[in-house]
Amino acid sequence: MSRTVTVGLDGSRESLAAAEWAAREAKLRELPLRLVNVWEPVPEPMAQAPLLGAETQAHWRERIPREAAAGLRLRHPGVEITVEQLTGRASEVLVAASKESELLVLGSRGLSGLGGFLVGSIGQAVVAHAETPVVLVRAGEQAAGEHEMDPAGIPSAATGFRPVVLGLDIARPDDAVITFAFEEAARRQTSLQVVHGWNLPPHYVSSLPAAPETAVELGRQDAAALAAVLGPWKEKFPHVRVVEESRAGSPANHLVGASREASLVVVGRRIRRNPFGIHIGSVAHAVLHHAMTPVAVVAHD
């Protein structure tokens, strides 16, 4: 695996926002940034149409990455930027490109008038099959939105980063997911907010009206289990302040809520090596579609 941050670039608003985010991340990691522009060949009959001729295709293939790279170099002078133009099915090419990267960044259209993402078929396929961490960035994402308000109450990239949020499954905690979240918080010199949602076992539900203390006790047990999982990691990353949140209810809902005040949300995805179908897990799926900030999906066994 090469030490690089890779971003998929097609000239859309969402991919340009992803490239800006990827450049900032590359600077934090002190890594080069690789812009990957994928051209999917059109069927032969369509290729004969005047607007889709060889000259037009070549023009846009060259112009999109060239102009994007020039702008990024001006705005991020300390980041080494390279461009690759590849041909093939976009999802497959991007998954292959992710194998040569530390991180793959993709754009996703924001839902008009609402929070959250509109994750297209390419993005979902890449997230489902890439084993490198993938970050989804909405169109319109700005650096200032990842930072705390300044004293005048205005978002500013000059202030400190908002927290990184980690959705943690304490029944099956994975080192890769936890490490990624702690390292992202450390790079940003911000806190890590760890969110775990839990639900009452079915046989407890009917007894709650008569014994509300049952839920309280189960909540204490869950909070203790969360603290036990995080204990060694807090020792490993002593400079990262950890905020632990054990809450009854849907983990996805809690993560979406926490995303409103976060710089990045981190979730895990279990690797399924079946090449057919798109499986990213219910929590990751919900967070990808409704979070208010960039989302990192970290694959794990």
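For the structure, check the block above.
If you're wondering where the values come from, they're calculated on a predicted model, not measured in any experiment. (Residues numbered from 1 in each chain as written. Predicted model: local features only at pLDDT ≥ 70, side-chain atom pairs only at ≥ 80, totals over all residues. Heavy atoms only, no water.)

K.L.:
Help me out: how do you make sense of the packing of helix α4 (residues 90-98) against helix α5 (residues 121-129) in this one?
P.N.:
The packing of two helices is summarised by the inter-axis angle and the distance between the axes. The N-to-C vectors of α4 and α5 enclose an angle of 35°; their axes lie 9 Å apart at closest approach. Here the hand of the crossing between α4 and α5 comes out right-handed. Side by side, α4 and α5 meet where Ala90, Ser91, Leu94 and Val95 of the first sit next to Ile122, Ala125, Val126 and His129 of the second. A class-by-class count of the residues in the contact of α4 with α5 yields six nonpolar, two polar and no charged. (Axes fitted to C-alpha atoms, helices over the stretch in contact; angles between N-to-C directions. Helix = DSSP H or I, 4+ residues; strand = E, 2+ residues; numbered from the N terminus. Left-handed = near helix turned anticlockwise from the far one by under 90°. Contact = heavy atoms within 4.5 Å. Nonpolar A, V, L, I, M, F, W, Y, C, P; charged D, E, K, R; others polar.)

K.L.:
Just to check I follow, could you spell out the environment of Leu33 for this structure?
P.N.:
Take Leu33: it is sitting in strand β2 (residues 33-39). For Leu33, a relative accessible area of 0% translates into the label buried. For Leu33 and Glu80, which are 47 residues apart along the polypeptide, the C-alpha to C-alpha distance reads 6.1 Å. Look past the residues within four positions of Leu33 in its chain and what remains in contact with it is Thr4, Val5, Val7, Ala19, Ala22, Ala23, Ala26, Leu72, Val79, Glu80, Ile81 and Thr82. (Buried < 20%, exposed > 50% of the residue type's maximum accessible area, 1.4 Å probe, protein only.)

K.L.:
How do you make sense of the pairing of strand β8 (residues 192-198) when you look at a structure like this?
P.N.:
Two faces belong to every sheet, and in a regular strand the side chains alternate between them. β8 sits mainly inside the fold: seven of its seven residues count as buried. The alternating pattern of β8 places Leu192, Val194, His196 and Trp198 and Gln193, Val195 and Gly197 on opposite faces, both of which are buried. The pairing of strand β7 (residues 164-167) with β8 spans four bridges and is classified as parallel. Within β8, the residue paired with Gly167 across the bridge is Val195. Crossover β7 to β8 through helix α6 (residues 175-188) is right-handed. (Pairing = 2+ DSSP bridges. Right-handed = clockwise from strand over helix to strand, strands pointing away.)

K.L.:
I'm lost on helix α9 (residues 251-259) in this one. Help?
P.N.:
Owing to its 3.6 residues per turn, the α-helix aligns residues three or four sequence positions apart on the same side. When we look at burial in α9, the residues that qualify are Ala252, His254, Leu255, Val256, Ala258 and Ser259. Turning to α9, the residues buried within the fold contact β7, β8, β9 (242-248), β10 (264-270) and α10 (282-290).

K.L.:
Explain the packing of aromatic side chains here, please?
P.N.:
Aromatic ring pairs are defined here through the distance separating the ring centres and the angle between the ring planes. Inspection of the entire model under this criterion finds two aromatic pairs. An angle of 20° between the planes, with centres 6.2 Å apart, marks the rings of Phe182 and Trp233 as stacked. One end of the pair, Phe182, is in helix α6; the other, Trp233, is in helix α8 (residues 213-236), with 51 residues separating them in the sequence. Exposure remark for Trp233: the relative accessible area of 11% places this residue in the buried category. Ring centres of Phe182 and Phe237 lie 5.0 Å apart, and the angle between their planes is 25°; on these two criteria the pair is classed as stacked. A residue pair is termed long-range when its members are at least 10 positions apart, and Phe182 in helix α6 and Phe237 in the loop between α8 and β9 qualify at 55 residues. Accessibility assignment for this pair places Phe182 and Phe237 in one class, buried. An aromatic cluster is present here, built from Phe182, Trp233 and Phe237 joined pairwise through their rings. (Phe/Tyr/Trp six-rings, centres within 6.5 Å; stacked < 30°, edge-to-face > 60°.)

K.L.:
Just checking my understanding: could you explain α6 for this structure?
P.N.:
Between its terminal C-alpha atoms α6 stretches 20 Å, which fits the 20 Å expected from 14 residues at 1.5 Å a residue. For α6, the side-chain oxygen to backbone nitrogen distance between the N-cap and Ala176 is 2.9 Å, and the N-cap itself is Asp174. Positive phi appears at Gln189, one or two residues downstream of α6, with a value of about 55°. (Expected span 1.5 Å × (residues − 1). Polar contact = N/O pair within 3.5 Å; in protein donor to acceptor, adjacent residues only side chain to side chain.)

K.L.:
Whenever I open this one, unusual backbone geometry confuses me. Can you help?
P.N.:
Trans is the common state for peptide bonds, and a negative phi is the common state for residues other than glycine. Phi at Glu30 takes a positive value of approximately 55°, unusual for a residue other than glycine. With respect to the helices and strands, Glu30 occurs in the loop between α1 (13-29) and β2. Residue classification places Glu30 among the exposed positions, given a relative accessible area of 73%. One non-glycine residue with positive phi stands out, namely Gln189, at about 55°.

K.L.:
Is there a simple way to explain the pattern of salt bridges in this structure?
P.N.:
Any two side chains of opposite charge can pair, given that their charged atoms come close. Taken as a whole and assessed by the stated rule, the structure comprises 19 salt bridges. Ionic pairing is found between Glu25 and Arg188, a salt bridge with its closest N-O pair at 2.8 Å. Residue Glu25 is located in helix α1, and its partner Arg188 is located in helix α6; the two are separated by 163 residues in the primary sequence. Among the residues examined, Glu25 registers a relative accessible area of 1% and is labelled buried. Using a relative accessible area of 5% as the deciding quantity, one classes Arg188 as buried. Between Glu102 and Arg29 there is a salt bridge whose closest N-O contact spans 3.1 Å. Here Glu102 is found in the loop between α4 and β4 (103-110), whereas its partner Arg29 is found in helix α1, with 73 residues between them in sequence. One salt-bridge network, held together by shared partners, links Arg3, Glu25, Arg29, Glu102, Glu183, Glu184, Arg187 and Arg188. (Salt bridge = Lys/Arg side-chain N within 4 Å of Asp/Glu carboxyl O.)

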